[in-house]
Amino acid sequence: MLLDTLNQGGSGPWPTPTPAATEADTFDQLVATLIPCREYDAELWFAESTVDVELAKSLCQECPLREGCLAGAVDRQEPWGVWGGEVFVGGVVVPRKRGRGRPRKDQSAPAA
Ligand code: SF4
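Because the structure is predicted, anything quoted here is derived from the model rather than measured. (Residues numbered from 1 in each chain as written. Predicted model: local features only at pLDDT ≥ 70, side-chain atom pairs only at ≥ 80, totals over all residues. Heavy atoms only, no water.)

> Got a minute to help me understand the nonpolar core in this structure?
Note on soluble globular proteins: their nonpolar side chains tend to be buried together. With ten residues, the main nonpolar core is built from L44, W45, A47, V53, A56, L59, C60, V82, V87 and V94. It is helix α3 (residues 50–60) that contributes the most residues to this core, four residues altogether. Leaving out residues up to four positions away in the same chain, V87 has contacts with V53, K57, G81, V82, V92, V93, V94 and K97. (Core = buried A, V, L, I, M, F, W, Y, C linked by side-chain atoms within 4.5 Å. Buried < 20%, exposed > 50% of the residue type's maximum accessible area, 1.4 Å probe, protein only. Helix = DSSP H or I, 4+ residues; strand = E, 2+ residues; numbered from the N terminus. Contact = heavy atoms within 4.5 Å.)

Next comes the structure, spelled out in structure tokens:
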């Protein structure tokens, strides 16, 4: 009797989505069009390339969740990525992400 209620698998048709699931899908699709990091590839918000990071920052400027996103990221001290249009490195906001490579020489260091 219990087995009658279980999905038997096999090659039968997929179950028809319930109206609630369809509405949830529609809502998710609508939200995705309003929130750039859901519309675009989320890897952009964690990119290494300075160009990609700047693009993510600019896309965040259009996001209706920007202020809350930034406040949450500050509270959580996000270790990495673009949140609320700002770049986080090591839990703090930095003006811009530096690319990989050798660190810039300190101009104030005495010459050897
Ligand atoms: S502000 Fe936050 S939620 Fe909005 S696109 Fe940027 S990272 Fe995503």
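> Please explain the pairing of strand β1 (residues 80–83) as it appears in this structure.
Look at any regular strand and the pattern is simple: side chains alternate between the two faces of the sheet. Of the pairings in the sheet, the one linking β1 to strand β2 (residues 86–89) comprises four bridges and is antiparallel in character. Bridge assignment links V82 to a residue of β2, and that residue is V87. Here β1 folds back onto β2, and the loop between the two strands holds two residues, one of which, G84, carries a positive phi near 60 degrees. (Pairing = 2+ DSSP bridges.)

> Help me understand the pairing of β2, please; the structure alone is not making it clear to me.
Two elements, β2 and strand β3 (residues 92–94), share three bridges in a ladder whose sense is antiparallel. Each bridged residue has a counterpart across the sheet, and for V87 the counterpart in β3 is V94. As consecutive antiparallel partners, β2 and β3 are separated by two residues, and within that stretch G90 has a phi angle of approximately 60 degrees, a positive value.

> Any chance you could explain a nonpolar patch on the surface here in plain terms?
A surface patch of nonpolar side chains, about 230 Å² in accessible area, is lined by F46, W80 and V89. With respect to the element layout, F46 can be found in the loop between α2 (36–39) and α3. Look at F46 and you get partly exposed, because its relative accessible area is 32%. (Patch = residues over 30% accessible without salt bridge, like charges linked within 9 Å, V, L, I, M, F, W, Y side chains within 5 Å. Areas by Shrake-Rupley, 256 points an atom, 1.4 Å probe, with all protein chains shown as cover. Salt bridge = Lys/Arg side-chain N within 4 Å of Asp/Glu carboxyl O.)

> Looking at this structure, I do not really get the sheet that holds β2. What am I missing?
What links the strands of a sheet is backbone hydrogen bonding, and the strands pair in either a parallel or an antiparallel sense. If you trace the three strands from one edge of the open sheet to the other, you get β1-β2-β3, paired in antiparallel fashion. The outermost strands of the open sheet, each flanked by one partner alone, are β1 and β3. Across the sheet, the mean angle from the axis of one strand to that of its neighbour is 40 degrees, orientation sign disregarded. Relative to β1, α3 is tilted by about 35 degrees, and along the sheet it contacts β1 and β2. (Axes fitted to C-alpha atoms, helices over the stretch in contact; angles between N-to-C directions.)

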